[in-house]
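Chain by chain, the residues run as shown.
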Amino acid sequence: MNFSSKVNDGTIAFDGGLAVEDSAEIRQALMEFVNSVDAGVIDLSKVSDIDVASLQLLCSAHKYALKKGRALRLGAMSEFVSAAVKASGFVHSRGCMREMDEKCFWLPQKVAAAAREGRQ
Amino acid sequence: MSGDKQDRYRNTYREEAAELLAELESSLMELEHDLQDMDIISRVFRALHTIKGSGSMFGFDDVAEFAHDVENVFELIRNKKIDASQEIIDLSLKSCDHIAAMLTAAEGGEPVDADAGEAIRKGLARFIPEEPAIKPVQKAQAASPQKSQAEIFAQDEPFATEGITCADVTYRITFHPSPELFRQGIRPLLMIDDLKRLGPSYVFAHTTDIPALDEIEPETCYTHWDVILTTSKGIESIKDIFMFVEDDSDIRIDVLDDGSDDMADNTEYKKLGEILVDRGDIDAGEFENVLNGRRRIGEFLIESGLARVRSVESALGEQRHVQKIRKERKLIDQAATIRVPSIKLDRLVDLVGELVTVQARLSQISNSRKRDTELLSIAEEVERLSSELHDNTLSIRMVPIGTTFSKFRRLVRDLSQDLGRRVNLQTQGAETELDKTVIERLNDPLVHLIRNCIDHGIEPPDVREASGKAREGIITLSASHAGAEVHIKIIDDGAGLDLDTVRAKAVSQGLIGPEDETTDHELMQLIFAPGFSTAKKVTDVSGRGVGMDVVKRSIEALRGTVDVQSVRGAGTTITLKIPLTLAIIEGLLVKVQSNYFILPLSVVEECVELGAKEIRQAHQRHLVNVRGDMVPYIRLRERFGFNGERPEMEQVVIIKADASRIGVAVDHVIGEHQTVIKSLSRIYKNIRGVSGATILGDGTVALILDTLRLIEEAEMDELNSLA
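Residues numbered from 1 in each chain as written. Chains lettered and ligands numbered in written order. Predicted model: local features only at pLDDT ≥ 70, side-chain atom pairs only at ≥ 80, totals over all residues. Heavy atoms only, no water.

## What about the overall build of chain A?
Turning to step 1, where the next piece is worked out: The helix and strand inventory of chain A stands at 4 helices and 4 strands.
Turning to step 2, where the next piece is worked out: When the helices and strands of chain A are placed in sequence order, the string is β-β-α-β-α-β-α-α.
Turning to step 3, where the next piece is worked out: Buried residues in chain A amount to 55% of all 120 residues.
Turning to step 4, where the next piece is worked out: Pairs at least 24 residues apart make up 66% of the contacts formed inside chain A by residues separated by at least 6 positions. (Helix = DSSP H or I, 4+ residues; strand = E, 2+ residues; numbered from the N terminus. Buried < 20%, exposed > 50% of the residue type's maximum accessible area, 1.4 Å probe, protein only. Contact = heavy atoms within 4.5 Å.)

Here it is as structure tokens:
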């Protein structure tokens, strides 16, 4: 595995590269995390590399959280992640499901905020 | 991806690269004849581009870098910055060889000659003018995927619209990748990055289809993209980026703005509804409804009298019809071919063979229970089906010989250059199909025969001119089906065999006596004798005298025959006759005592009876009178040492090989039998006279006789008995 994850006080922090080779493990980690909290934060400030498969999983985690009636938001993002998110076209001005609009991960203001957090 | 998957994709890449190299070679040779042909140059460029792109994707970085160097040169040629030249083509052909060597080395073969590679690189570099502008873009493309994608994006520039000229065209690219995209090792972010390098762009990823964590398959791609891109580099550069995913993905590239004057005047772009309709995101008709609050346009037109019912119906019908046709055509195009590992095919052929055996058994039993008509009809149906299955399976293994023929073009070109000949290679019957294994085993013999043609057959241009021939010699490779065989001919219009020299050599080697009478044809076949060579000089290419003998043995191992015809001064024709399949032959089943044997039906001429009278007539010698000819025969029971009593009336099966005929005396001739050949195990493999075995319907084993061996022995016996 190219990454590690640590859960602490309602936040899951990923460290390393998030790539499709480890997608099963990333999914597992996210699922366990969402199941264990009411309101969770995903910290990507130490993530050095991320690909589309992992971006999908983040999206998927958010949809799962909403399904389970929990809250999930993106915490800090490393420069690499925010660049990847922007470059990949994942930044949306609206969410993909009407009910989720303001909650969507990928709203530009949220991505910008996460990037700011990551820089601190 | 797990290690196994990696290997599988690497193997697939190697196979595809080999095919690409073959195409590349043949395109380069075509280019030699017309250095200005832009179509061919594009073909060459695309092949190199694919080799490079896929190579870097699957970890063959050295191949990618090398291909990149050659690609550079062809990009310059494609953009008309430099011209193609013979030297560039020579270097490019050498590059093909070098890349092939790198692929072999990666498989654990011989390590590659780094100096040779360096020499080629340096040679190519001389053609690249001092323009640093090209390098950075190319370097990024050739970068190994190990470089973190995030690193690449960290250098990303904000959307810039400065400097857009009228030559820039704006495209809408919709990219719907196959769900298997990640599993295929493709990284979409790299592709998007490549697109962005072409010009300012807007990228939008559709994430609606991504399921929640409890339903998602993490390795499946659920995302699709819309990219609006403005670039002056042309639609081909966009298509290039999607080259290795276009088969499995849905990619649409539409021109939104072609930079032409009339479009530029109107700075307003399409209305939202139009865009949606354009993209197929909403139904045009329903959109109209929404806009106008009215019924569908067809009805509206009819109601207002602007169109007749029938016309509208017909127009709608036309619309539906054309759409349907287009959809179907797309499906057909996609269903083209599938790759199958040979080993799976072999297993299938084995299974079919065993099925045929068991089916024979079923038929046998059902025939013996004639009163059970139901069983009989089932057995017939099974026979029909297994026969069709058999034919079908064997046809899957059939491959057109054209690919083998094409490979020889390179050989002929190189050899003619080396030996100072001018040779034109023509082919006929390239679509003739043979079993895959047979084609593979024909490769070496054909290579040798062609070498021989060029070395000994075709004369140097001056000599040819002096004898009134064209300076360029012609070698024709032809293939055709003839019954259950394939006939392959290598025809040259060269000097032909010098029969006097052949005779002299044969005599000096003791192959024939000095006084022996031989027909010209018999003399010609002598060139296949071991060690025979009339070449005055042993060249690198041929002349050692091992070649023709090995050729003959290779063809005979395929149960084929080889024959040579020649006319002095006019040319030589070598004819190979190969049976279509190795696995199943039509045989004649015979019995000696309680043992069964099979003789290949292809060599059987007839059967004659051998009774006491015939034996007396031959004065106890093993000869039988066949319509006036005395044909020698061997008795299988004696040959294999069976001790029982000889029946009063025996049967002699007359078989032929080349010009000889012999008889094989057996107790009974049972009849024709479709024989699935099973090879003998190691222990029995070297028994002389037996080439394999088969299993009869009732489970008994019948040995397949090696008729060539039997003939040799019979002739030996005959000579000995005369002495």
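So, next bit.
## Re the overall build of chain B
Turning to step 1, where the next piece is worked out: A count of helical and extended segments in chain B gives 25 helices and 21 strands.
Turning to step 2, where the next piece is worked out: Looking at chain B residue by residue over its 723 residues, the buried ones come to 41%.
Turning to step 3, where the next piece is worked out: Partitioning the contacts of chain B with sequence separation of at least 6, the portion at a separation of at least 24 is 68%.

## Remarks on the interface of chain A and chain B
When the parts of a complex come together, some accessible area is lost, and that lost area is often used as the size of the interface.
Turning to step 1, where the next piece is worked out: At the junction of the two partners, chain A supplies 30 residues and chain B supplies 33 residues.
Turning to step 2, where the next piece is worked out: When chain A packs against chain B, close to 2,700 Å² is buried across both sides, 63% of that on carbon and sulfur atoms.
Turning to step 3, where the next piece is worked out: Looking at the side of chain A facing chain B, the largest losses of area belong to Val52, Gln56 and Ala87 of chain A, adding up to 21% of the total buried there.
Turning to step 4, where the next piece is worked out: In this structure, the salt-bridge partner of Glu215 of chain B is Lys67 of chain A, at a minimum N-O distance of 3.2 Å.
Turning to step 5, where the next piece is worked out: Put simply, chain A and chain B have 16 residue pairs in polar contact (both at pLDDT 80 or more) between them.
Turning to step 6, where the next piece is worked out: Secondary structure elements with two or more residues in the side of chain A that touches chain B: helix H1 (23-36), strand E3 (39-50), helix H2 (52-67) and helix H3 (79-87) of chain A.
Turning to step 7, where the next piece is worked out: With 10 residues, the top contributor of residues to the side of chain A that touches chain B is H2 of chain A.
Turning to step 8, where the next piece is worked out: Partitioned by chemical class, the residues of the side of chain A that touches chain B number 17 nonpolar, 7 polar and 6 charged. (Buried area = accessible area lost by both parts, 1.4 Å probe. Salt bridge = Lys/Arg side-chain N within 4 Å of Asp/Glu carboxyl O. Polar contact = N/O pair within 3.5 Å; in protein donor to acceptor, adjacent residues only side chain to side chain. Nonpolar A, V, L, I, M, F, W, Y, C, P; charged D, E, K, R; others polar.)

## Observations concerning the side chain of Glu32 of chain B
Residue and element names in this part refer to chain B.
Turning to step 1, where the next piece is worked out: One can find Glu32 in helix H1 (residues 3-33).
Turning to step 2, where the next piece is worked out: The exposure class of Glu32 is buried, given its relative accessible area of 18%.
Turning to step 3, where the next piece is worked out: At a separation of 2.6 Å, a polar atom in the side chain of Glu32 contacts the side chain of Gln86.
Turning to step 4, where the next piece is worked out: Apart from residues no more than four positions distant in its own chain, Glu32 is found in contact with Gln86, Ile89, Asp90 and Arg413.

## Regarding the pattern of salt bridges
Residue and element names in this part refer to chain B.
Turning to step 1, where the next piece is worked out: A complete count under the given rule lists 41 salt bridges over all chains for this structure.
Turning to step 2, where the next piece is worked out: For Asp254, the salt bridge identified is with Arg252, shortest N-O distance 2.9 Å.
Turning to step 3, where the next piece is worked out: For Asp254, a relative accessible area of 22% gives the class partly exposed.
Turning to step 4, where the next piece is worked out: Judged by relative accessible area, which is 37%, Arg252 ranks as partly exposed.
Turning to step 5, where the next piece is worked out: A salt bridge links Glu556 to Lys552; the shortest N-O distance between them is 3.3 Å. With Glu556 and Lys552 both in helix H22 (residues 547-557) and 4 residues apart, the pair spans about one turn of that helix.
Turning to step 6, where the next piece is worked out: On the basis of relative accessibility, which here comes to 25%, the residue Lys552 falls in the partly exposed class.
Turning to step 7, where the next piece is worked out: A cluster of three or more residues bridged by salt bridges with shared partners is formed by Glu25, Glu32, Asp90, Asp97, Arg410, Arg413 and Asp414.

## Looking at the pairing of strand E10 (residues 561-567) of chain B
Residues and elements named next belong to chain B.
Turning to step 1, where the next piece is worked out: Where burial is concerned, the two faces of E10 differ: the one with Val562, Val564 and Ser566 is buried and the one with Thr561, Asp563, Gln565 and Val567 is not.
Turning to step 2, where the next piece is worked out: Of the pairings in the sheet, the one linking E10 to strand E11 (residues 571-579) comprises 7 bridges and is antiparallel in character. Each bridged residue has a counterpart across the sheet, and for Val564 the counterpart in E11 is Ile574.
Turning to step 3, where the next piece is worked out: Two successive antiparallel strands, E10 and E11, enclose a turn made up of 3 residues, where Gly569 displays a positive phi of approximately 90°. (Pairing = 2+ DSSP bridges.)

## Thoughts on the confidence of the model for chain B
Caution is warranted with low-pLDDT regions, since their predicted coordinates should not be read in detail.
Residue and element names in this part refer to chain B.
Turning to step 1, where the next piece is worked out: Overall, the predicted model of chain B reaches an average pLDDT of 78, with 78% of residues at or above 70.
Turning to step 2, where the next piece is worked out: When the criterion is pLDDT under 50, residues 131-166 qualifies, and its contacts beyond four places in sequence or with other chains add up to 50 contacts.
Turning to step 3, where the next piece is worked out: Long-range and interchain partners of residues 261-267, a stretch whose pLDDT sits below 50, account for 3 contacts in this model, where long-range means more than four residues apart.
Turning to step 4, where the next piece is worked out: Scored as a whole, the predicted complex attains pTM 0.46, and scored at its interfaces, ipTM 0.86. (pLDDT = per-residue confidence, 0-100.)

## Quick notes on helix H3 (residues 61-78) of chain B
All names here are of chain B.
Turning to step 1, where the next piece is worked out: Along its 18 residues, H3 runs 24 Å from first to last C-alpha, staying within 8% of the 26 Å computed at 1.5 Å per residue.
Turning to step 2, where the next piece is worked out: Buried residues dominate H3, accounting for 13 of its 18 residues.
Turning to step 3, where the next piece is worked out: Positive phi appears at Lys80, one or two residues downstream of H3, with a value of about 60°. (Expected span 1.5 Å × (residues − 1).)

## Examining the packing of helix H2 (residues 38-57) of chain B against H3 of chain B
Residue and element names in this part refer to chain B.
Turning to step 1, where the next piece is worked out: Look at H2 against H3: their axes get within 8 Å of each other, and the N-to-C directions meet at 155°. Judged on the interaxial angle alone, H3 and H2 are roughly antiparallel. Seen from above, H2 lies across H3 with left-handed handedness. Taking contact as the criterion, the partners of Met38, Ile41, Ser42, Val44, Phe45, Leu48, His49, Ile51, Lys52, Gly55 and Ser56 in H2 are, on H3, Asp61, Val63, Ala64, Ala67, His68, Val70, Glu71, Phe74, Glu75, Ile77 and Arg78.
Turning to step 2, where the next piece is worked out: The residue makeup of the contact of H2 with H3, split by class, is 12 nonpolar, 5 polar and 5 charged. (Axes fitted to C-alpha atoms, helices over the stretch in contact; angles between N-to-C directions. Parallel < 35°, antiparallel > 145°, perpendicular 65-115°, else oblique. Left-handed = near helix turned anticlockwise from the far one by under 90°.)

## Observations concerning the side chain of Asp226 of chain B
All names here are of chain B.
Turning to step 1, where the next piece is worked out: Tracing the chain through its elements places Asp226 in strand E3 (residues 224-231).
Turning to step 2, where the next piece is worked out: Look at Asp226 and you get buried, because its relative accessible area is 8%.
Turning to step 3, where the next piece is worked out: Of note is the side chain of Asp226, whose polar atom sits 2.6 Å from the side chain of His206.

## A look at unusual backbone geometry
Residue and element names in this part refer to chain B.
Turning to step 1, where the next piece is worked out: A positive phi angle, near 60°, is found at Lys80, a position not held by glycine.
Turning to step 2, where the next piece is worked out: With respect to the element layout, Lys80 can be found in the loop between H3 and helix H4 (86-106).
Turning to step 3, where the next piece is worked out: Owing to a relative accessible area of 64%, Lys80 belongs among the exposed residues under this scheme.
Turning to step 4, where the next piece is worked out: Backbone geometry at Arg627 places phi at a positive 45°, although glycine is not the residue there.
Turning to step 5, where the next piece is worked out: Turning to its location among the elements, Arg627 is positioned in the loop between strand E15 (623-626) and strand E16 (629-635).
Turning to step 6, where the next piece is worked out: Arg627 gets classed as exposed once you look at its relative accessible area, which sits at 68%.

## A short note on the sheet that holds strand E17 (residues 650-657) of chain B
Residue and element names in this part refer to chain B.
Turning to step 1, where the next piece is worked out: In spatial order, the strands read E14-E17-E18-E16-E15; together these 5 strands make up an open sheet with mixed pairing. On the outer flanks of this sheet lie strand E14 (604-610) and E15, each paired with one strand and no other. Pairs of neighbouring strands in the sheet enclose a mean axial angle of 35°, with direction left out of account.
Turning to step 2, where the next piece is worked out: Bridge count for E16 against strand E18 (residues 660-666) is 3 bridges, and the pairing is parallel. Counterpart to Tyr633 in the pairing with E18 is Gly663.

## Some thoughts on the packing of aromatic side chains
Residues and elements named next belong to chain B.
Turning to step 1, where the next piece is worked out: Tallied over the entire structure, the rule returns 7 aromatic pairs over all chains.
Turning to step 2, where the next piece is worked out: Aromatic side chains Phe175 and Trp225 sit 6.0 Å apart centroid to centroid with 20° between the ring planes, which places their arrangement in the stacked category. Separated by 50 residues along the polypeptide, Phe175 in strand E1 (residues 169-176) and Trp225 in strand E3 bring together distant segments of the chain. Of the two residues, Phe175 and Trp225, both sit in the buried class.
Turning to step 3, where the next piece is worked out: For the pair Phe640 and Phe642, a centre-to-centre distance of 6.5 Å together with 55° between the ring planes defines the contact as tilted.
Turning to step 4, where the next piece is worked out: Judged by its relative accessible area of 22%, Phe642 falls in the partly exposed class. (Phe/Tyr/Trp six-rings, centres within 6.5 Å; stacked < 30°, edge-to-face > 60°.)

## A few points about the nonpolar core
Turning to step 1, where the next piece is worked out: Of all hydrophobic cores here, the largest spans 62 residues; its most connected members are Phe14, Ile42 and Leu44 of chain A together with Ile173, Leu195, Trp225 and Ile238 of chain B.
Turning to step 2, where the next piece is worked out: Considering each element in turn, this core owes the most residues, 9 residues, to H2 of chain A.
Turning to step 3, where the next piece is worked out: When sequence neighbours within four positions are dropped, the list of residues in contact with Ile238 of chain B reads Tyr171, Ile173, Leu195, Leu198, Leu229, Thr231 and Ile253 of chain B.
Turning to step 4, where the next piece is worked out: One finds Leu477, Ile555, Val562 and Val564 of chain B within the second-largest nonpolar core, a separate group that totals 46 residues. (Core = buried A, V, L, I, M, F, W, Y, C linked by side-chain atoms within 4.5 Å.)

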